[in-house]
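Geometric and topological summary
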Amino acid sequence: MTPQACDVDEDDVFDHHLPHPLQMKSSIHFTPVAVARYAAHLLAPRPGMRVLDVGAGPGKFCVVAAREVPTATFVGIEIRPHLVAVARKLAMRFSVENATFLAGNALDLDWSEYDAFYFYNPFAEQLYKTAFLLDRTLSFEPSKFLEYVNGARQRLAIARIGTRVVTYHSFGAPTPFGYDLVASHSIGTDCLELWIKARHVGPTEAGTTTA
Ligand SMILES: C[S@@+](CC[C@H](N)C(=O)[O-])C[C@H]1O[C@@H](n2cnc3c(N)ncnc32)[C@H](O)[C@@H]1O
């Protein structure tokens, strides 16, 4: 049975396609299949929408979401190049053509090309080294957490009205001013939230996080 034809609705089936060290980390670091499928519809309710997964890891969210909503495009940006290579292989293995992956810092990207943004704790490793380490290739710098979270909030603050943001577990800070909480679902001890940009805010309201 090819991966395209097999049932990947179960996490252990999907995770089996990851390199072994990543399989062991998946339940903590990567979005569960059922959550990714549901979040895909929250992020891309209309054909042609472009979704950015901020911190895509080895592509689990993007690949599952792209299979679930083939009319949307899912782009994953990931700071660890070796995970981008895994993500590209996964997309090929599952014959997913509407998911692509970029290597680099999400804050270096032009966010104006996207209609929606997905965050599953992308910056948490910078804060909680011991408990949340995915691997040792990312230097531990708590100051980077504030830089990344504030950078993300500022980019979301200047996004278009109607921009959709879905957070799973956490974004790392309060969502920027100008967004309304439209839906909230408890999943075990975690939470999936949909925010939609409703109004523009002034530069002082865009806000930064200091703790
Ligand atoms: C918790 S994982 C989530 C993976 C994926 N979004 C999912 O849900 O399956 C967060 C990822 O964000 C990446 N990351 C951290 N800081 C980043 C940054 N500034 N730019 C891009 N990726 C980043 C980490 O390397 C890690 O792979």
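Structural data are supplied above this passage.
Now for a look at the structure at hand. Small disclaimer: the values here were computed from a predicted structure and weren't measured. (Residues numbered from 1 in each chain as written. Predicted model: local features only at pLDDT ≥ 70, side-chain atom pairs only at ≥ 80, totals over all residues. Heavy atoms only, no water.)

Comments concerning unusual backbone geometry
Although it is not a glycine, Ser95 adopts a positive phi angle of roughly 55°. Relative to the elements of secondary structure, Ser95 occurs in the loop between α5 (81–93) and β3 (99–103). Positive phi, normally seen in glycine, also occurs at Asn121, with a value near 45°. Along the chain, Asn121 falls in the loop between β4 (116–119) and α6 (129–132). (Helix = DSSP H or I, 4+ residues; strand = E, 2+ residues; numbered from the N terminus.)

Concerning the pattern of salt bridges
For the structure shown, the criterion picks out nine salt bridges. As a salt-bridge pair, Asp135 and Arg80 come within 2.9 Å of each other at their nearest N and O atoms. Of the two residues, Asp135 sits in the loop between α6 and α7 (142–157) while Arg80 sits in the loop between β2 (73–78) and α5, which places them 55 residues apart along the sequence. Accessibility classification places Asp135 together with Arg80 in one group, the buried group. We note a salt bridge from Arg160 to Asp115, for which the minimum N-O separation is 3.2 Å. Here the residue Arg160 occupies a position in the loop between α7 and β5 (164–168), and Asp115 occupies one in the loop between β3 and β4, the gap between them amounting to 45 residues. For Asp115, a relative accessible area of 22% gives the class partly exposed. One continuous salt-bridge network, built from bridges that share partners, spans Asp11, Asp15 and Lys60. (Salt bridge = Lys/Arg side-chain N within 4 Å of Asp/Glu carboxyl O. Buried < 20%, exposed > 50% of the residue type's maximum accessible area, 1.4 Å probe, protein only.)

Concerning the site of the ligand
Not every one of the 23 residues close to the ligand is listed here, only the nearest: Thr31, Gly55, Glu78, Arg80 and Ala106. The contact in question runs from a nitrogen atom of the ligand to an N or O atom on the side chain of Asp53, over 3.0 Å. At 2.9 Å, a backbone N or O of Ala106 approaches a nitrogen atom of the ligand. When isolated, the ligand has an accessible area of 600 Å², and the protein chains bury 98% of it. A breakdown of the residues in the shell around the ligand according to their chemical character gives 13 nonpolar, seven polar and three charged. (Near = heavy atom within 4 Å. Polar contact = N/O pair within 3.5 Å; in protein donor to acceptor, adjacent residues only side chain to side chain. Areas by Shrake-Rupley, 256 points an atom, 1.4 Å probe, with all protein chains shown as cover. Nonpolar A, V, L, I, M, F, W, Y, C, P; charged D, E, K, R; others polar.)

Considerations on the packing of helix α3 (residues 33–43) against helix α4 (residues 60–68)
For any two helices packed against each other, one specifies the crossing angle of their axes together with the interaxial distance. Taken N-terminus to C-terminus, the directions of α3 and α4 make an angle of 60°; their axes are 8 Å apart at the nearest point. When the axis of α3 is compared with that of α4, the two are oblique. Relative to α4, α3 is oriented so that their crossing is right-handed. Every residue of α4 that contacts α3 at Val33, Ala36, Arg37, Ala39, Ala40, His41 and Leu43 is listed here: Lys60, Phe61, Val64, Ala65 and Glu68. Looking at the contact of α3 with α4 residue by residue, the class counts come to eight nonpolar, one polar and three charged. (Axes fitted to C-alpha atoms, helices over the stretch in contact; angles between N-to-C directions. Parallel < 35°, antiparallel > 145°, perpendicular 65-115°, else oblique. Left-handed = near helix turned anticlockwise from the far one by under 90°. Contact = heavy atoms within 4.5 Å.)

Focus: the nonpolar core
If you look at the biggest cluster of nonpolar residues, it comprises 44 residues, and the most contacted ones within it are Phe61, Val63, Phe74, Phe101, Tyr118 and Val166. Residue contributions to this core peak at seven residues, all from α3. Judged by nonpolar contacts, the second largest core, of 22 residues, contains Val165, Phe171, Ala173 and Trp195. (Core = buried A, V, L, I, M, F, W, Y, C linked by side-chain atoms within 4.5 Å.)

Focus on the sheet that holds strand β7 (residues 190–197)
Read across the open sheet, the seven strands follow the order β3-β2-β1-β4-β5-β7-β6; overall the sheet is mixed. Each edge of the open sheet carries a strand with a single partner, namely β3 and β6 (179–187). Geometrically, the sheet is characterised by an average inter-axis angle of 20° between neighbouring strands, direction not taken into account. Both β5 and β7 contribute to a ladder of five bridges, which runs antiparallel. From the neighbouring strand, Val165 faces β7, where its bridge partner is Trp195. Sitting on the sheet, α4 is in contact with β1 (50–54), β2, β3 and β4, with an inclination near 180° to β2. (Pairing = 2+ DSSP bridges.)

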